[in-house]
Amino acid sequence: MNFFRGVMGGQAVGPQPTGAETIQKLCDRVASSTLLEDRRDAVRALKSLSKKYRMEVATQAMDHLINILQTDRSDSEILGYALDTLYNIICNEEEEEQDETAQKQTDDLGAKFTEAFIQDPEHITLLLTMLEEFDFHVRWPAVKLLTALLRNQCVQLQSIILVSPMGVSRLMDLLADSREVIRNDGLLLLQQLTKGNAAIQKIVAFENAFERLLDIITEEGSSDGGIVVEDCLLLLRNLLKNNSSNQNFFKEGSFIQRMKPWFEVGDDNSGWSAQKVTNLHLMLQLVRVMVSPVNSPGATASCQRSMYQCGLLQQLCTILMATGVPADILTETINTVSEVIRGSQVNQDYFASVNAPSNPPRPAIVVLLMSMVNERQPFVLRCAVLYCFQCFLYKNEKGQGEIVATLLPSTIDANSISAGQLLCGGLFSTDSLSNWCAAVALAHALQDNFTQKEQLLRVQLATSLGKPPVSLLQQCTNILSQGDKISRRGSKVQTRVGLLMLLCTWINNCPIAVTHFLHNQENVPFLTAQISENLGEDERLVQGLCALLLGICIYYNDNSLENYTKEKLKQLIEKRIGKENFVEKLGFVTKHELYSRAAQKPQPVFPAPDQMLFDHEFTKLVKELEGVITKAVHKSSEDEKKEEEVKKSLEQHDNIVTQYKELIREQDAKIQELKEQVSSMTADSEQMQSTMAQQLSQIQQHKDQYNLLKLKLGKENPIQANSTMGDGTHVNGVRSEEASQLREEMEELRAQHALLQTQLAEKDTIIDSLRSDESQPSEVAGRDLGDVELLKELELLRNQVQSQTAEIKQLKMDNEDLLGRTQTESLGTAPNGDPSADAAKMAELQSRLAAQTSETERLKEEVRNLTEGQAQLEQQAASATSSAAILQTETAKLETELQDSKKEQDDLLMLLADQDQKIQNLKKKLKTFGETVDDEDELDSRDQTDEDDEDED
């Protein structure tokens with residue numbers, strides 16, 4: 001105990017031990033003590049010395065502390081001391097009084113100790129298991145220690161945690177801890193863990209991080225919350241920025257809709273706290289992350305659509321038009337609205353309909369432009385408004401037309417301020433930044449829009465009283481070319497660069513605008529003079545843009561002005577400037593430092609107003625035109641003539657190819673129509689076959705019924721015959737009247753039998769004729785298989801009728817026999833016979849004869865029905881045979897037409913092949929003249945030929 005008294009400040013006798021010696025003794029005690037209390041006291045002492053003697057504790061005690069974490073897991077107090085000690089030696093605490101050198105040394109120590117700690121990945125796994133301890137004195141120090149390790153060696157720690165089983169899941173459980181201090185430090189830990197690692201970001205997102213973080217933000221009061229809301233927003237930004245998978249998951253999970261309440265700002269916007277400004281700024285950045293121009297176009301468009309549908313865009317526009325909003329929040333809101341509407345027609349249309357709460361109401365675009373051309377507004381705010389206007393016009397031909405329309409004479413309203421008036425006012429103001437912003441904004445109204453370039457040529461400006469109006473194009477060129485106005489207005493590089501960018505965008509790919517520009521006799525001499533002069537570094541950029549403008553006048557010149565044709569302009573360059581000098585001056589534009597900075601991203605972000613020289617869209621234009629202008633300047637007149645001839649020839653061949661393509665398309669459509677007709681007829685044929693199958697089924701049913709009838713008759717006839725024979729032996733005393741009646745009935749039976757014989761003979765004749773038809777090969781070849789089956793069934797029916805006839809003959813014989821017996825018995829009646837018994841027997845015989853007569857009638861009816869069925873079957877067979885013949889004829893006709901179409905298509909393909917060969921020869925000639933030939937048409941032709949071959953197959 002004397003040892004600990006000396007360490008803890010008690011009185012000691014003799015020389016005091018140094019810090020290193022004390023730490024060494026404490027380390028020995030930790031390593032050798034068998035009692036847990038002694039080890040705990042030693043670790044607590046090391047903790048108290050770890051901040052003052054950081055180096056000594058780290059070098060001597062780190063291994064012992066790690067051993068404590070492994071062996072003394074049952075005692076939470078000693079674990080807490082060990083974790084706190086490790087945190088003190090690894091954490092780089094920032095002190096205000098430390099200078100930069102001392103702070104750098106401290107950071108180096110933290111990185112060095114962290115590297116030593118993570119050499120064994122099992123140490124990190126050990127810390128992750130500590131997070132499962134619910135004890136506050138263990139879990140909280142473990143969280144702080146892991147956070148410090150991540151700050152010092154982030155990449156290495158991320159790799160270890162990523163491969164650790166359930167590593168990220170254990171860290172995510174910290175957000176569910178009921179103790180706010182652990183939850184909040186867990187947020188800091190996850191911030192460090194998710195920096196720049198897409199794999200960990202995805203895992204954290206799929207661990208339900210978005211749901212938990214948004215719940216925390218809501219619980220803490222959204223934008224009115226404290227530092228915890230800021231930490232949640234920073235973590236969300238880490239998870240979403242440059243991570244398309246997480247962005248899609250965030251959108252699909254309907255989390256964008258939960259962002260709308262963040263921006264519900266009340267009417268009273270006074271007294272914004274610094275934390276609220278920070279929170280709202282981060283929330284706006286989150287929205288921008290989802291719709292950033294660097295994201296894939298499909299993902300951005302989907303998020304923009306969701307933001308409009310859930311009302312988030314409307315909420316942002318409300319903040320945009322509200323009063324009392326801090327300047328930095330207003331600026332960031334403008335930038336956010338810009339990217340939400342960029343390239344989305346629906347969102348752009350909604351933004352165009354937003355009005356400011358003024359009297360009278362003014363469109364939000366007009367209010368924003370008023371801020372852009374106002375030199376008293378903050379520079380960042382003016383840049384944000386310019387970006388918003390650019391995004392509003394991006395791929396928005398409707399918006400471009402509306403802006404240009406406000407400049408046309410027929411639509412100008414003298415009682416209101418329009419966007420066009422504000423742009424013209426800024427274009428010719430004395431503030432160079434307003435000149436540049438207005439020129440760039442107007443250039444975006446003309447970007448890739450040939451119609452609006454022509455419309456803008458109609459704009460007339462009244463320069464002063466008593467003088468005729470001049471066109472907007474002429475006024476821009478006058479400011480550049482006239483010396484007195486240049487010295488007064490356009491002397492600044494920023495103004496001239498803005499006007500030159502506007503003119504280049506205006507006349508690019510617009511021969512009519514080029515003609516208007518060249519029509520002013522002062523423009524070309526001014527440009528050549530500017531390019532040929534040897535000016536300073538700042539003027540080189542202006543020279544390069546003048547060279548670009550003159551090059552556009554050459555490349556898009558339609559030779560409508562005799563004095564300024566392509567050839568004469570090139571001769572002027574060669575004599576006054578020199579081709580090599582011209583190309584060198586043109587190259588100054590792309591070599592400028594500010595050009596590279598502007599080409600990186602669409603948003604205009606500049607550290608100072610005087611560095612706003614280039615627009616992002618204009619850098620694309622320069623990159624596109626530099627090469628073609630250089631070729632156009634070096635090209636001779638003969639090469640141009642040859643190129644024109646080749647182009648005309650190619651156009652003619654293209655027209656021919658186009659005609660053949662149209663013809664092939666028409667034939668393909670016709671073939672397709674014929675195929676559809678064949679398919680329809682095939683379907684009809686199948687339907688008829690189905691109908692025939694049903695009829696055959698009905699015939700089979702009739703056959704089955706007939707067989708049952710035959711079987712029934714076969715069972716009943718023997719009984720009737722036996723009964724008749726038995727009764728005949730007992731007929732005695734029959735009266736002559738009854739015998740006469742029997743004779744009449746027998747005569748009727750004979751007549752009916754004769755009628756049946758006649759009908760049977762007719763059926764035999766029909767069957768014989770069918771057999772004779774079947775025996776003829778030419779007719780058999782055209783019959784369907786169903787006809788043969790029908791003949792077989794009719795033959796079977798004939799046999800059955802013959803069987804019935806035989807049965808009727810047998811009945812006839814029985815009747816005649818009975819009649820003979822009756823006559824015999826009537827002549828030789830015994831005198832002793834019983835008259836009453838004979839009468840009874842005669843009555844019974846008559847009843848049996850009546851039953852037999854009824855049975856005969858039934859058989860006649862059955863034969864009649866079978867006869868009618870046979871006639872119907874013959875009619876249906878004839879109809880089916882006729883339909884089959886018609887179908888075969890139609891099919892043969894369609895096959896003939898299809899063969900003819902294939903022959904015509906083969907001929908057309910041969911013609912196309914010849915045309916392709918001619919085009920290839922012409923393109924080879926072009927290549928020999930040094931021209932770059934685009935093979936797009938050739939590829940299209942080959943693709944079309946391949947598609948035609950596939951269709952033919």
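All of these numbers come straight from a predicted model, not from anything done at the bench.

When you look at the overall build of the protein in this model, what are you seeing that I'm missing?
If you tally the helices and strands in the protein, you get 42 helices and four strands. Taken over 953 residues, the protein has a buried fraction of 46%. Contacts spanning at least 24 positions in sequence make up 73% of the contacts within the protein whose residues lie at least 6 apart. Accessible area of the protein: about 48,500 Å², with a carbon and sulfur share of 50%.

What's the story with the confidence of the model for the protein in this structure? I'm lost.
Note that predicted coordinates carrying low pLDDT should not be read in detail. When pLDDT is averaged across the protein, the result is 80; 73% of the residues are at 70 or more. Every residue in residues 1-14 scores below 50 in pLDDT, and together they form ten contacts with partners more than four places removed in sequence or on other chains. Low pLDDT (under 50) marks residues 822-835, which in the prediction has eleven contacts with non-local residues, meaning those over four places away or in another chain.

Teacher, can you tell me more about the pattern of salt bridges here?
Pairs may arise between side chains of opposite charge once their charged atoms sit close together. Under the criterion given, the structure shown has 22 salt bridges. Between E617 and K620 there is a salt bridge whose closest N-O contact spans 3.6 Å. Of this pair, E617 and K620 both sit in helix α36 (residues 616-634), three residues apart, roughly one helical turn. By relative accessible area, which is 11% here, E617 ends up buried. When salt bridges with common partners are traced through the structure, they connect R40, D75 and E77 into a single cluster.

I keep staring at the side chain of Q667 and nothing clicks. Help me out?
Along the chain, the position of Q667 falls in helix α37 (residues 637-728). Exposure remark for Q667: the relative accessible area of 14% places this residue in the buried category. Those residues in contact with Q667, other than ones at most four positions away along the chain, are S901, E904, Q905 and L908.

Explanation requested: the packing of helix α18 (residues 312-321) against helix α20 (residues 345-353) in the structure shown.
Any two packed helices are characterised by the angle at which their axes cross and by the distance between the axes. Orientation of α18 relative to α20, taken along the N-to-C sense of each, is 35°, at an axis distance of 11 Å. α18 and α20 meet at a crossing whose hand is right-handed. Of the residues in α20, those in contact with L313, Q314, C317 and L320 of α18 are N347, Y350 and F351. Within the contact of α18 with α20, the residues separate by chemical class into five nonpolar, two polar and no charged.

In this structure, what is going on with the nonpolar core? I would like to understand it.
The tendency in soluble globular proteins is for nonpolar side chains to be buried side by side. Within the largest apolar cluster, 210 residues are counted, with the highest numbers of intra-cluster contacts made by F117, W262, F263, F351, L427, L472 and L548. Element by element, the count of residues in this core is highest for helix α22 (residues 379-393), at twelve residues. Counting nine residues, the second largest nonpolar core, distinct from the first, contains I664, L908, L909 and L922.

What am I meant to see in the environment of S32 here?
Among the structural elements, S32 can be located in helix α2 (residues 19-32). Relative accessible area serves as the criterion here: at 54%, S32 is assigned to the exposed category. Of the polar contacts made by the side chain of S32, one reaches the backbone oxygen of D28; its length is 2.6 Å.

When you look at the environment of D224 in this model, what are you seeing that I'm missing?
Tracing the sequence through the fold places D224 in the loop between α13 (209-219) and α14 (227-240). Between the C-alpha atom of D224 and that of W272, which follows or precedes it by 48 residues, the distance is 9.2 Å. At 3.4 Å, the side chain of D224 and the side chain of K276 are in polar contact.

The rules behind these values
- Per chain, residue numbering runs from 1 following the sequence as it is written.
- For a predicted model such as this one, the threshold for reporting local features is a pLDDT of at least 70, and the threshold for listing and counting side-chain atom pairs is 80 or more; totals across whole chains, interfaces and linings nevertheless cover every residue.
- Side-chain metrics rest on all non-hydrogen atoms present in the structure, leaving aside hydrogens and water.
- Helix and strand definitions here come from DSSP, where helices need a minimum of 4 consecutive H or I residues and strands a minimum of 2 consecutive E residues; each element is numbered from the N-terminal end.
- Each residue is assigned to one of three classes by its accessible area relative to the maximum for its type, calculated with a 1.4 Å probe on protein chains only: buried under 20%, partly exposed between the two thresholds, exposed over 50%.
- Only heavy atoms enter the contact rule, under which two residues are in contact if any of them lie within 4.5 Å.
- Each accessible area value is a Shrake-Rupley result obtained with a 1.4 Å probe; residue values ignore everything except the protein chains displayed when judging cover.
- As a per-residue measure, pLDDT tells how confident the predictor is, with possible values from 0 to 100.
- Criterion for a salt bridge: a side-chain nitrogen of Lys or Arg within 4 Å of a carboxyl oxygen of Asp or Glu.
- Where helices are involved, their axes are fitted lines through C-alpha atoms of the stretch in contact, as for all axes, and angles between N-to-C directions lie from 0 to 180°.
- Here a crossing is called left-handed whenever its near helix is offset anticlockwise from the far helix by less than a right angle, and right-handed whenever the offset is clockwise.
- Classes in brief: Ala, Val, Leu, Ile, Met, Phe, Trp, Tyr, Cys and Pro nonpolar; Asp, Glu, Lys and Arg charged; the others, Gly included, polar.
- Take the buried residues of types Ala, Val, Leu, Ile, Met, Phe, Trp, Tyr and Cys, join any two whose side-chain atoms come within 4.5 Å, and each joined set is a nonpolar core.
- Nitrogen and oxygen atoms within 3.5 Å of one another constitute a polar contact, given that in protein one can donate a hydrogen and the other can accept it, and given that sequence-neighbouring residues count only through two side-chain atoms.

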